[in-house]
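If you want the building blocks of each chain, they are given just below.
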Amino acid sequence: MNVTAERHPSVTGALRGRAVVVAVLGLLVVLGVLAFFIVFSQQQSKARMNTNFAMRAASSATVVSTYLSQQALRERQDAAEFLAGRHVSKQRFAIVVGAFASQDAVLLDAKGRLLDVAPAKPSLLGQPIASRYAHLAAAERGAVAVSDVVPSAVKGTPVTAVAVPFSTPEGRRVFSAAYPTSGTALEALVEHTITYAQHEVFLIDASEHLIAASPRTPAVTLAAVDPTLARNLRSSSGGPVKGAPTPSRFTVAAVPGTPWRLLVAVPNSRLYSSIGGWTSLLPWLVFALVGVLGMMLIALFARSQADRARLAILSVEAARTARTDTLTGLPNRRALSEQLTRATAHARRRDEPVSVLMIDLDRFKDTNDRFGHEAGDQVLCAVADCMREVLRAEDLYGRWGGDEFLVALPATDQSGAHAAVIRIREAAGNVELGDVGLSRGVPLSAGSATGVHTSPRDLIREADLALYAEKATRRESQSTTGRT
């Protein structure tokens, strides 16, 4: 029982230490999940921004395409109204060209020959020029076509053109209005379709010639404006701008119905501004706060567990001290009473006898008076050692008080109790106490009581009476011997 009590705090301390370890592991798991969630959320936010970035470029390209489609529709309507006659007057041609604010335009017959040209150049009239321009050849085949940057038919200046076929009694004709690559509505359109700060927007043809740019530039090609971006465009349709002086991202969107592309490039600091700076640090500040608070809670928990462990040890020690005789180390009267109560209850359930021995040391007061209390203490410890030597492991024994000892013998009848008394008396009689000036052996008296269904109190009382009877008998015997 004492061993169990002594081991219990250690076991409990180990369990509490394990609880602290589990708490630390739990915190690490929580922090790991939180960190994963933060990283995952930021990556998802970046992915959504990249998607929105590409969608905005695609939307802007659609706006450009819609503008060109409307331009083509107006050209076809005006051409069908003013240029469908057998003979097209220069006045009518000039009216249509002026309606589109174009300074360069051509009108082709069904065989791709020039019927009229602006600015006027009579030497070109009647010449087949459709084969020289891909957009005119496509229009000759019946498709609305938008050109790359091409030289104008008269001046040779770089222009882009919208060519539309239209039906006439003389067959299919083609009208194409051309526009310079600067100072057109396309530049304003490009400037206002993308609203990123520090952005670069380029409307380019299939050969990377600039049609419009924001911010505006006098350069003719993309490579002349931004060679790094031009190199990235040739190897990818979007993503990080490799080799850029500042981290940037670009995306490319085809302009539907044209050979053109819309390219947008934005620095990462502007593209991800809504999740950058303090916004990106805030989740990590929360992460750090959770970690600090978690460690503080674990520290408090560990401290409380350590305090509880110390209290448990102190409680066990206090309980052991309260039930142990400090001199002999044997159970004291309180512990013996509890053990005897359990032993008699067990004996009643099994219908077994229990014997109780009450032992008293003879002439113990004389020993204290003559040799001192230290000698008396050694006598008591010597008797305790004798009991440890001769009694069984299942026997209960301890110091009842003063120089009295009590022994409880489970499953032992009167003869067994008598044998136990003999063993104790013989062991005590062989004790060597010469170092304190005492003679060999410790004389003692013992009374015993045995019962099956007897209460602990009755057993103790009967053993006590038997002890006094034996001591009285021995005193009478010694008195008679003295008279003789």
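Up top is the structure these notes are about.
All of the points below concern the structure found in this document. Remember, predicted model here, so these are calculated numbers, not experimental data.

### Considerations on the sheet that holds strand β13 (residues 396-401)
Overall, antiparallel pairing links the four strands, which are arranged β13-β14-β12-β15 in an open sheet. The open sheet has two edge strands, β13 and β15 (444-451), and neither has a second partner. Strand after strand, the sheet turns through a mean of 20 degrees between neighbouring axes, direction not considered. In this structure, strand β12 (residues 354-361) lies alongside β15, joined through eight bridges in antiparallel fashion. Its bridge partner lying in β15, V354 is registered against G451. With respect to the sheet, helix α12 (residues 414-429) is in contact with β12, β14 (404-410) and β15, its orientation differing from that of β15 by roughly 160 degrees.

### Some thoughts on the sheet that holds strand β11 (residues 261-267)
Read from one edge of the open sheet, five strands run β8-β7-β11-β10-β9, paired in antiparallel fashion. One side of each edge strand has no neighbouring strand; the edge strands of this open sheet are β8 (210-214) and β9 (238-240). Between one strand axis and the next, the sheet turns through 10 degrees on average, direction left out of account. In terms of strand pairing, strand β10 (residues 248-254) meets β11 through seven bridges, oriented antiparallel. Looking at the pairing, A254 lines up with R261 of β11.

### So, the nonpolar core
Counting residues in hydrophobic clusters, the biggest one holds 39 residues, and the most contacted among them are V64, L83, F93, F175, L186, L203 and W260. Ignoring anything within four residues of it in the chain, the contact list for L203 reads V64, L186, V190, H209, L210, I211, A212, V255, W260, R261 and L262. Residues L330, A420, I424 and V431 belong to the second largest nonpolar core, which totals 29 residues.

### A short note on the environment of G429
Note on placement: G429 falls in helix α12. On the basis of relative accessibility, which here comes to 29%, the residue G429 falls in the partly exposed class. Expressed as a C-alpha distance, the spacing of G429 and V442, which sit 13 residues apart in the sequence, is 5.3 Å. In this structure G429 touches R440, G441 and V442, once residues within four positions along its chain are discounted.

### Some thoughts on the packing of aromatic side chains
Taken as a whole and judged by the stated rule, the model has four aromatic pairs. Both rings, one in F93 and one in F175, keep their centres 6.3 Å apart while their planes meet at 80 degrees; by these two values the pair is edge-to-face. Here the residue F93 occupies a position in helix α2 (residues 90-99), and F175 occupies one in strand β6 (residues 171-180), the gap between them amounting to 82 residues. Assessed through its relative accessible area of 0%, F175 is described here as buried. Ring pairs connect the aromatic residues F93, F100 and F175, which therefore count as one cluster. The ring of Y272 is capped by K46, whose NZ or CZ atom sits 5.1 Å from the centre of that ring.

### Re the environment of A428
Relative to the assigned elements, A428 resides in helix α12. On a C-alpha basis, the gap between A428 and M387 in space is 8.7 Å, while along the polypeptide they are 41 residues apart.

### Notes on unusual backbone geometry
Of note, the amide linkage connecting A118 to P119 takes the cis form, showing an omega dihedral of -5 degrees. One can find P119 in the loop between β2 (114-118) and α3 (134-140). Residues S214 and P215 are joined by a peptide bond in cis, for which omega reads 0 degrees. One non-glycine residue, D351, lies in the positive phi region at around 60 degrees. Looking at where D351 falls in the secondary structure, it is placed in the loop between α9 (333-350) and β12. Judged by relative accessible area, which is 52%, D351 ranks as exposed.

### Considering the pairing of strand β5 (residues 158-168)
Among the eleven residues that make up β5, nine are buried, leaving the element largely enclosed by the rest of the structure. Pairing of strand β3 (residues 145-146) with β5 involves two bridges; the strand directions are antiparallel. Counterpart to V146 in the pairing with β5 is V162. As paired strands, strand β4 (residues 150-151) and β5 are joined by two bridges and run antiparallel to one another. In the strand pairing of β5, P151 is matched with P158. Here β4 folds back onto β5, and the loop between the two strands holds six residues, one of which, G156, carries a positive phi near 80 degrees. Summarising the sheet, β5 and β6 pair through ten bridges and their orientation is antiparallel. The residue of β6 that forms the bridge with F166 is R173. Linkage of β5 to β6, two consecutive antiparallel strands, is achieved through a turn of two residues.

The rules behind the values
- Residues numbered from 1 in each chain as written.
- Predicted model: local features only at pLDDT ≥ 70, side-chain atom pairs only at ≥ 80, totals over all residues.
- Heavy atoms only, no water.
- Pairing = 2+ DSSP bridges.
- Helix = DSSP H or I, 4+ residues; strand = E, 2+ residues; numbered from the N terminus.
- Axes fitted to C-alpha atoms, helices over the stretch in contact; angles between N-to-C directions.
- Contact = heavy atoms within 4.5 Å.
- Core = buried A, V, L, I, M, F, W, Y, C linked by side-chain atoms within 4.5 Å.
- Buried < 20%, exposed > 50% of the residue type's maximum accessible area, 1.4 Å probe, protein only.
- Phe/Tyr/Trp six-rings, centres within 6.5 Å; stacked < 30°, edge-to-face > 60°.
- Lys NZ or Arg CZ within 6 Å of the ring centre and 35° of its normal.

What is shown is where atoms sit, not what they do.
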